[in-house]
Amino acid sequence: MNPPEASGTEREFDQLLRELSTRFINLPATSVDGEILAALRRVGECLDLDRVLVSEFGADRGSLIIRHSWASPGVEPIRTGRIVKAALPRVFADLERGRSVRIPDTRILAEDPTLAKEWEADLREFRRSGAIGHLSIPCAVGGEPVGGFHAVRIRGPMAWTDSLVEQLALLAQVFANALHRREAERRLRSALSRVEELRERLEGDRGDFRKEAEAEYESSEIVGNSPGIEHALAIVEQVAPTDATVLILGDTGTGKELVARAVHRLSKRTERPLVRVNCAALPDSLAESELFGHEKGAFTGALNRRIGRFELADRGTLFLDEVGDLSRELQAKLLRVLQEGEFERLGSSETRSTDVRVVAATSRDLRTQVDVGRFRADLFYRLSVVPIEIPPLRERRQDIPALVWHFIEMARSRHAGAIDDVPAETMRALVAYDWPGNIRELANVIERAAILSPGRQLVVHDPLIGAPGPKAERPHEAPRQTNLAAIERSHILRVLDECDWRVKGPGNAAELLGLNPSTLRGRMRKLGIARPA
């Protein structure tokens, strides 16, 4: 008995082929998969088939990967998967040579002893899948076979006429070109995305290298030889060549960032950037995006993709300043990066890897923060592999004269000043003062004095310090206060009054005093300073 021909007439199928070919012209890459699935269904229904599939050779050409498949109602579909070469060796061999395989009835093939032995493995797979009528047509791009178009009939044999095979071969070519175009566009988008990512990283590197160069110019070394500083620098020299995580502890303004830069400068990562993140200045809503980046559309206002600081610092050093201010949620994500070196951008499920050496700093007592549940204990221990404590300026008064001259030199280079003398009484007052804002406050006071001094001698007009200028220039000066707390209280009150009592925000008092806003509030409570009603 001859196998039945397709139930759909060749004219009907020819019309369907023309329609499908037209639909695939200039089809967007994002629509290719949906159109192929719809086309397979219409082909299967028109020709009364039970399964229709499109496959691609695996990278090693040792398997066929099922990209799209359709099955008639009541027939178990073949899910997207892989068919190894050993399962269909004859079919593979013909497809690789660019030849079609058409078997009207696999049962007749099995009845011939010679053919049954030659097709033994393929017949076993046909029986397993229930295929009786089988057709495989090579899909080629540029004359090179890249996969196959497969039609299967389970309910009985199928007459694969020459004209039908020719028509299906044209459709297979349409599918192959569409899949190739989709893959080429995907690779192009991936390449463009990578180029954009590299451009963003380059811009980030340039910015960080520029900031680092400026910081190196401003302060090429840590000034001072007091025991506390000598001890801190000894630890820096020991830990810098390793990749150990460092936690720098100290009050606001003690120079923690300068120590972080020293760790980076002496490390094997010195050719890569030191990327700084001020955790205290990050709103919770933006902190995760700042650290890990985000994809376009990840949240309202995310108009473009953004590379996070962990990616910018890859193979370099990431300095997390005021790490104690991070939220508990972000602490958990930071811990994961430190432990596994992996993270995801906001709005993306793709896991990314990074090779970053983390140096953290805080002016908070993290042990207390751990005790009260504001900071994760596991993150604290992970960050404080090597702790370095920077003493406040009041505990290293012997370094103040050297620091004063250091900041005079910096002011001279910036403002072309000509200060070459510091009166002994002024220096004694500078050394005696407790400097609640530490080195940052000292730097601000000296720069301001260097700019305002009328001659070559440093004149500090700041009532907080209580350092007088030359007697002849200040004949009516009121008696200087000697109680340091009173001096400090008076100065803070004056600055607060000038700033309309703004502790933070534009033109705030904390900035003028060289203090962190939380530090300033603490000193106001200690000194009994409250805003007038």
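Notes on the structure follow. Since we're looking at a predicted model, the values are computed, not measured.

Here we look at the sheet that holds strand β7 (residues 246-249)
Item 1. Here we have five strands laid out as an open sheet, ordered β8-β11-β14-β7-β15, and parallel in their pairing. Two strands close off the open sheet at either side, each with one partner strand: β8 (274-278) and β15 (386-389). Strand-to-strand, the axes of this sheet are offset by a mean angle of 20 degrees, without reference to chain direction.
Item 2. Summarising the sheet, β7 and strand β14 (residues 357-362) pair through four bridges and their orientation is parallel. What sits directly across from Leu249, in β14, is Thr362.

Focus on the pairing of strand β1 (residues 51-57)
Item 1. By the criterion of burial, β1 is predominantly enclosed, with seven of the seven residues buried.
Item 2. For β1 and strand β2 (residues 63-71), the ladder comprises seven bridges, and the chain directions are antiparallel. What sits directly across from Val54, in β2, is His68.
Item 3. The antiparallel hairpin formed by β1 and β2 contains five residues in its connecting segment, where Arg61 sits at a positive phi of about 55 degrees.
Item 4. In the sheet, β1 pairs with strand β6 (residues 144-153) via six bridges, with the strands oriented antiparallel. In the sheet register, Arg51 faces β6, and the bridge partner there is Val152.

Regarding the packing of aromatic side chains
Item 1. Under the definition given, this model contains eight aromatic pairs.
Item 2. For the pair Phe310 and Phe343, a centre-to-centre distance of 6.4 Å together with 40 degrees between the ring planes defines the contact as tilted. Separated by 33 residues along the polypeptide, Phe310 in helix α11 (residues 309-312) and Phe343 in strand β12 (residues 342-344) bring together distant segments of the chain.
Item 3. Using a relative accessible area of 1% as the deciding quantity, one classes Phe310 as buried.
Item 4. Geometrically, the ring pair formed by Tyr433 and Trp435 is edge-to-face, given 4.7 Å between the ring centres and 80 degrees between the ring planes.
Item 5. Judged by its relative accessible area of 2%, Tyr433 falls in the buried class.
Item 6. The exposure class assigned to Trp435 is buried, which follows from its relative accessible area of 0%.
Item 7. Above the ring of Phe57, the side-chain terminus of Arg61 is found at 4.2 Å from the ring centroid.

Quick look at the sheet that holds strand β5 (residues 133-141)
Item 1. Sheet architecture is open: six strands sit in the order β3-β2-β1-β6-β5-β4, paired in antiparallel fashion. In this open sheet, the two edge strands, each paired with only one partner strand, are β3 (82-84) and β4 (101-103). When strand polarity is set aside, the average angle formed by the axes of neighbouring strands in this sheet is 25 degrees.
Item 2. Sheet analysis places β4 next to β5, joined by three bridges and oriented antiparallel. Bridge pairing links Ile103 to His134 in β5.
Item 3. Helix α3 (residues 89-96) contacts β1, β2, β3, β4, β5 and β6 of the sheet and is inclined by roughly 35 degrees relative to β5.

Some words on the nonpolar core
Item 1. Counting residues in hydrophobic clusters, the biggest one holds 35 residues, and the most contacted among them are Val43, Phe149, Leu168 and Phe175.
Item 2. Sorting the residues of this core by element identifies α1 (10-23), α2 (32-47), β1, β5, β6 and α7 (162-218) as the ones contributing at least two each.
Item 3. A total of 10 residues in this core trace back to one element, the largest contributor, which is α7.
Item 4. Setting aside its immediate chain neighbours within four residues, Phe149 contacts Leu40, Val43, Val52, Leu53, Val54, Leu135, Ser136, Ile137, Cys139, Leu168, Ala172 and Phe175.
Item 5. Counting residues in each nonpolar core, the second largest holds 31 residues, with Leu247, Leu330, Val337 and Val370 among its members.

Here we look at unusual backbone geometry
Both trends apply: most residues other than glycine have a negative phi, and most peptide bonds are in trans.
Item 1. Here the phi dihedral of Asp48 falls at roughly 55 degrees; this positive angle occurs in a residue that is not glycine.
Item 2. Turning to its location among the elements, Asp48 is positioned in the loop between α2 and β1.
Item 3. Unusually for a residue other than glycine, Arg315 sits at a positive phi of about 65 degrees.
Item 4. You can see Arg315 is positioned in the loop between α11 and β11 (317-321).

So, how was this worked out
Residues numbered from 1 in each chain as written. Predicted model: local features only at pLDDT ≥ 70, side-chain atom pairs only at ≥ 80, totals over all residues. Heavy atoms only, no water. Pairing = 2+ DSSP bridges. Helix = DSSP H or I, 4+ residues; strand = E, 2+ residues; numbered from the N terminus. Axes fitted to C-alpha atoms, helices over the stretch in contact; angles between N-to-C directions. Buried < 20%, exposed > 50% of the residue type's maximum accessible area, 1.4 Å probe, protein only. Phe/Tyr/Trp six-rings, centres within 6.5 Å; stacked < 30°, edge-to-face > 60°. Lys NZ or Arg CZ within 6 Å of the ring centre and 35° of its normal. Contact = heavy atoms within 4.5 Å. Core = buried A, V, L, I, M, F, W, Y, C linked by side-chain atoms within 4.5 Å.

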